[in-house]
Amino acid sequence: MKRIILLHWFIGLLVSVSAQNTTNSEWATYLKGYEITDIADACSHLWLSNGKDLFKFDKNTKFDDYSDFDEFDMSPNYLITSIACSEDGLPCIGVTYVGILKMNADGKWVLLPPVNEQQLQNWGNVILLLSDNDLVWTAIFSLVVQQPILVKYQANDVTTFIFESPISSLAKDKYANIWIGKWDGGYFEEHDHYESLVKYDGENWTTFSSPLELGPPPMRIQEITFTEAGNIWMVVYFGLLDNGENKLIKFDYS
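Below, the structure is looked at part by part. (Residues numbered from 1 in each chain as written. Predicted model: local features only at pLDDT ≥ 70, side-chain atom pairs only at ≥ 80, totals over all residues. Heavy atoms only, no water.)

Now for the sheet that holds strand S4 (residues 64-67). Reading across the sheet, the four strands line up as S1-S2-S3-S4 and stay open at both edges, with antiparallel pairing between neighbours. Both outer strands of the open sheet, strand S1 (38-42) and S4, are each paired with one neighbouring strand and no more. When strand polarity is set aside, the average angle formed by the axes of neighbouring strands in this sheet is 20 degrees. In terms of strand pairing, strand S3 (residues 54-58) meets S4 through four bridges, oriented antiparallel. The partner of phenylalanine 57 across the bridge, within S4, is aspartate 64. (Pairing = 2+ DSSP bridges. Helix = DSSP H or I, 4+ residues; strand = E, 2+ residues; numbered from the N terminus. Axes fitted to C-alpha atoms, helices over the stretch in contact; angles between N-to-C directions.)

Following this line, the structure appears as structure tokens:
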């Protein structure tokens, strides 16, 4: 009898916990009708994009504010490919065929200086990283010269670095090192390792090799994040034409 009572008590507890978990969970949908393609956190609000427009979305009031770019001569084929926020919550966006737009404290957009007029007119994929309020990193792939470029904007100074393979992600660790994830490897290249992860400490470039056994070529690092223990976690895509797949990879850098 005691076992039966105990069993009923245990089942009741499970049902109670399940009910609590169900009632405390809330799913909600916002901005119906908009196909959101990118998101960046800015403390009290979010910056969202659907590829053509930018929205400031307040987390508390759920109010969305539309930002337009009428003051700029936008190409009809422009596409917002990346959003990043500074420490004070101001957005910076990468726009194909246009360049890098950064919002000032007064809410006005400014166009960062072009790297090169030819490259500016034909910018393709743009990836952004704001290291602090005044330091912007961007990875650009030019559609004309087919040349991957890493650009450092600091105030009015522009510094460019040329890469041999396209850049697929950017990240910053707690020591302010910049980490670059790349596309590496090709179906017709002979090699026994990938060189897809690069660290830049402001002076030195360090390339980390990983074994080809991780997956079929090519290897594309799509996201990079860090842990306090010194590990680097990455979302990596392998085998573009071989029914490619994403894998979660850990690199112990401690």
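Here we come to the sheet that holds strand S6 (residues 91-95). Spatially, four strands are ordered S5-S6-S7-S8 in an open sheet, and the strand pairing comes out antiparallel. Looking at which strands have only one partner, the edges of the open sheet turn out to be strand S5 (80-85) and strand S8 (109-111). Put simply, the sheet's adjacent strands are angled 20 degrees from each other on average, direction ignored. Pairing analysis gives five bridges linking S5 to S6, with the strands arranged antiparallel. Considered in S6, the bridge of isoleucine 80 is made with valine 95.

Glancing now at the packing of aromatic side chains. For the coordinates displayed, the defined rule picks out 12 aromatic pairs. Ring centres 6.0 Å apart and planes at 55 degrees place the aromatic pair tyrosine 194 and phenylalanine 238 in the tilted group. Of this pair, tyrosine 194 sits in strand S15 (residues 193-200) while phenylalanine 238 is found in strand S18 (residues 231-238), placing the two residues 44 residues apart along the sequence. A single burial state applies to tyrosine 194 and to phenylalanine 238, both of which are buried. The rings of Trp137, Phe161, Phe163, Tyr200 and Trp205 are connected pair by pair, giving a single aromatic cluster. Here lysine 52 stacks its cationic end above the ring of tyrosine 78, 4.2 Å away from the centre of that ring. One Lys or Arg, lysine 247, reaches over the ring of phenylalanine 238 and ends 5.3 Å from the middle of that ring. (Phe/Tyr/Trp six-rings, centres within 6.5 Å; stacked < 30°, edge-to-face > 60°. Buried < 20%, exposed > 50% of the residue type's maximum accessible area, 1.4 Å probe, protein only. Lys NZ or Arg CZ within 6 Å of the ring centre and 35° of its normal.)

Bringing unusual backbone geometry into the picture now. The peptide bond linking proline 217 to proline 218 adopts the cis configuration, its omega dihedral lying at -5 degrees. Located in the positive-phi region is leucine 31, a residue other than glycine, with phi close to 55 degrees. On the accessibility criterion, leucine 31 (13% relative accessible area) is buried. One non-glycine residue, cysteine 43, adopts positive backbone phi at about 65 degrees. With respect to the helices, strands and loops of the structure, cysteine 43 is situated in the loop between S1 and strand S2 (45-49).

Here we take up the layout of surface pockets. Within this model, the largest pocket holds a volume of roughly 440 Å³. Along the wall of the largest pocket there are 18 residues; nearest its centre are Ile127, Leu128, Leu170, Gln222 and Glu223. Residue assignment for the lining of the largest pocket shows that the elements contributing at least two residues are S5, strand S9 (123-130), strand S13 (167-172) and strand S17 (219-226). With six residues, S9 is the largest single contributor of residues to the lining of the largest pocket. Tallied by class, residues from the lining of the largest pocket come to eight nonpolar, seven polar and three charged. (1 Å grid on protein atoms, 1.4 Å probe; cavity = no way out; pocket = protein on both sides within 12 Å on 5 of 7 lines; lining within 4 Å. Points joined across faces, edges and corners; volume = space filled by probe spheres on them. Nonpolar A, V, L, I, M, F, W, Y, C, P; charged D, E, K, R; others polar.)

What follows concerns the side chain of aspartate 53. Residue position: aspartate 53 is located in the loop between S2 and S3. Salt bridges are absent for the buried aspartate 53, whose nearest opposite-charge side chain, lysine 52, sits at 8.7 Å. (Lys, Arg positive; Asp, Glu negative; His and termini not counted. Salt bridge = Lys/Arg side-chain N within 4 Å of Asp/Glu carboxyl O.)

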